[in-house]
Amino acid sequence: MNKENLAQVCVKQLQTSQEFRQPRLAQIQENEDMIAGKVKPALQGRYNVPFDGVIASGFIETLVAQTNKAPKLVFSDPKGSNHKAVQKIQALWERDSSPARQNWAKADRLAKRLAAAANISIFEYIPSSNPYKGKLTNIDHFDFHCEPNGGNNLEEHLYKGVYNQFQTLSEVERLGETGYYNKTQVSNLISAYSKTDFKYNEDLYRNKITRMSSLGLDIDQHAYVGQQVLNLARWVTNFEGEDWYVVFDFKSGIWLKMEPLKDCFESGLSPWVVWNPVENAFTVWNPGLFDQIKPVAE
């Protein structure tokens with residue numbers, strides 16, 4: 001298999017996903033602007049009172065409050081022969097999901113708030129061993145991509161992934177030295193990348209900038225981090241019948257990591273899970289509860 005060809009396929013997939021989902025993301029941005037109470041332009045000498053935002057934010061707070069129940073896993077032993085082992089697993093999960101470790105309750109609460117406005121929330125769960133640890137995080141829907149015609153079961157999508165995954169140059173170089181990234185490809189990317197200590201502003205990052213502006217924050221002019229950063233994509237794609245895990249740079253098409261998915265995650269499953277409060281049989285980018293109340297607020 002030609003890895004350079006697969007990297008270009010991933011770039012094209014990301015671009016296709018971006019073009020497909022953008023109309024829905026524009027609707028989500030309108031929802032978030034209304035919830036944030038963004039004031040619309042008014043005639044000179046007049047002021048628009050955002051009554052729609054009062055109703056919208058009240059709806060969101062009520063909905064989130066009514067569903068704010070932390071997730072809980074209960075392990076059982078149907079045959080009754082491994083009772084002590086089940087107790088140990090239960091205790092381990094309760095410790096791992098506690099606020100002192102992965103804080104599942106907070107991740108769940110944040111996901112419900114995102115889903116209340118956008119009808120989509122994405123979790124990323126990456127476990128590792130030796131020593132064992134797990135990491136549960138929320139993924140911004142503005143950063144998430146998947147196959148347009150993949151249906152509502154993410155595992156059946158031919159590709160899915162996340163973008164706007166910023167890493168410092170030193171971190172990328174360190175991962176190249178450890179062998180997690182391909183060292184030669186790291187050198188190729190560094191040579192191709194224009195030097196900057198600002199998070200690169202491009203169309204795929206514009207949605208996040210627009211969101212901040214609705215909160216009265218100008219991230220475009222305050223992206224300084226003091227060192228060179230790279231904007232990467234982490235991707236899972238099915239190519240010629242096999243699932244691959246790919247980390248690549250969208251601008252240049254240079255890959256840093258490209259391995260069979262099962263070599264990265266023993267389960268053979270992608271690390272992302274999508275939740276839609278209002279489901280659609282054919283897409284994960286469908287309207288939800290807030291879209292139904294939006295005309296009333298307006």
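The rules we used
Residues numbered from 1 in each chain as written. Predicted model: local features only at pLDDT ≥ 70, side-chain atom pairs only at ≥ 80, totals over all residues. Heavy atoms only, no water. Pairing = 2+ DSSP bridges. Helix = DSSP H or I, 4+ residues; strand = E, 2+ residues; numbered from the N terminus. Axes fitted to C-alpha atoms, helices over the stretch in contact; angles between N-to-C directions. Contact = heavy atoms within 4.5 Å. Buried < 20%, exposed > 50% of the residue type's maximum accessible area, 1.4 Å probe, protein only. Polar contact = N/O pair within 3.5 Å; in protein donor to acceptor, adjacent residues only side chain to side chain. Phe/Tyr/Trp six-rings, centres within 6.5 Å; stacked < 30°, edge-to-face > 60°. Parallel < 35°, antiparallel > 145°, perpendicular 65-115°, else oblique. Left-handed = near helix turned anticlockwise from the far one by under 90°. Nonpolar A, V, L, I, M, F, W, Y, C, P; charged D, E, K, R; others polar. Core = buried A, V, L, I, M, F, W, Y, C linked by side-chain atoms within 4.5 Å. Arc of directions from axis to C-beta.

Visitor: Any details on the sheet that holds strand β7 (residues 255-260)? Residues and values, ideally.
Guide: Strand order in the open sheet made by the five strands is β3-β4-β5-β6-β7, with antiparallel pairing throughout. Of all the strands in the sheet, just β3 (144-146) and β7 have a single pairing partner and so form its edges. Between one strand axis and the next, the sheet turns through 20° on average, direction left out of account. The sheet contact formed by strand β6 (residues 242-249) and β7 spans five bridges and is antiparallel. Residue pairing in the sheet places Tyr-245 in a bridge with Glu-259 of β7. Seen against the sheet, helix α5 (residues 169-178) touches β4 (159-168), β5 (229-239) and β7 and runs at an angle of roughly 110° to β4.

Visitor: Tell me what's going on with the pairing of β6, and back it up with residues and numbers.
Guide: Of all eight residues in β6, six are buried; the element is thus mostly enclosed. In the sheet, β5 pairs with β6 via eight bridges, with the strands oriented antiparallel. If you follow Thr-237 over to β6, its bridge partner there is Trp-244. Counted between consecutive antiparallel strands, the loop separating β6 from β7 contains five residues, among which Gly-253 sits at a positive phi close to 80°.

Visitor: Please give an account of the side chain of Thr-283 that cites residues and values.
Guide: If you trace the backbone, Thr-283 turns up in the loop between β8 (272-275) and α9 (289-297). Residue classification places Thr-283 among the buried residues on the basis of a relative accessible area of 15%. Separated by 3.1 Å, the side chain of Thr-283 and the backbone nitrogen of Trp-285 make a polar contact. Once residues lying within four places of it in the same chain are set aside, the contact partners of Thr-283 are Phe-20, Gly-151 and Asn-152.

Visitor: Run through the packing of aromatic side chains, naming residues and quoting values.
Guide: Tallied over the entire structure, the rule returns eight aromatic pairs. Judged by centre distance (5.4 Å) and plane angle (90°), the ring pair of Trp-93 and Trp-104 falls under edge-to-face. With Trp-93 in helix α3 (residues 83-96) and Trp-104 in helix α4 (residues 104-118), this pair connects stretches of sequence that are 11 residues apart. Accessibility assignment for this pair places Trp-93 and Trp-104 in one class, buried.

Visitor: I'd love a proper account of the packing of α5 against helix α6 (residues 183-192), names of residues and values included.
Guide: Where α5 meets α6, the axes come as close as 8 Å, and the angle between the chain directions of the two elements is 155°. Taken as axis vectors, α5 and α6 run roughly antiparallel relative to one another. Here α5 runs over α6; the crossing is left-handed. Judged by residue contacts, Leu-169, Val-172, Glu-173, Gly-176 and Glu-177 of α5 engage Lys-183, Val-186 and Ile-190 from α6. Taken together, the residues of the contact of α5 with α6 sort by class into four nonpolar, one polar and three charged.

Visitor: Provide a residue-level description of the nonpolar core, including the pertinent values.
Guide: Judged by nonpolar contacts, the single largest core of 30 residues is most densely connected at Phe-144, Tyr-181, Leu-232 and Trp-272. Breaking this core down by element, the ones donating at least two residues are α1 (3-35), β3, α5, α6, β5, β6 and β8. In terms of residues, this core owes the most to one element, β5, which gives three residues. Residues Phe-239, Trp-244, Phe-248 and Met-258 belong to the second largest nonpolar core, which totals 16 residues.

Visitor: Give me the lowdown on the sheet that holds β8, citing residues and values where you can.
Guide: The strand order β2-β1-β8 describes an open sheet built from three strands, whose pairing is antiparallel. Only two strands of the sheet have a single partner each, and these edge strands are β2 (133-139) and β8. Taking the axes of each pair of neighbouring strands and ignoring which way they run, one obtains an average angle of 20° across the sheet. Across four bridges, strand β1 (residues 121-128) lies against β8 in antiparallel orientation. Within the sheet, the bridge partner assigned to Ile-122 lies in β8 and is Val-274. In this fold α4 packs onto β1, β2 and β8, with an angle of close to 155° to the strand it touches most, β1.

Visitor: Explain the side chain of Gln-18 to me, and be specific about the residues and the numbers.
Guide: With respect to the helices, strands and loops of the structure, Gln-18 is situated in helix α1. Taking relative accessible area as the criterion, Gln-18 reaches 10% and is therefore assigned buried. Polar contacts involving the side chain of Gln-18 include one to the side chain of Arg-21, which spans 2.8 Å.

Visitor: An account of α6 is requested, with residue identities and associated values reported.
Guide: Every buried residue belonging to α6 is among Gln-185, Val-186 and Leu-189, and all of these are buried. The buried residues of α6 occupy one face: seen down the axis, they fall within an arc of 105°. For α6, exposure combined with an orientation more than 90 degrees from the buried face picks out Thr-184 and Ser-191. The inward-facing, buried residues of α6 abut α1, α5, β5, β6 and β7. With a side-chain oxygen positioned 3.0 Å from the backbone nitrogen of Thr-184, the residue opening α6 is Asn-182.

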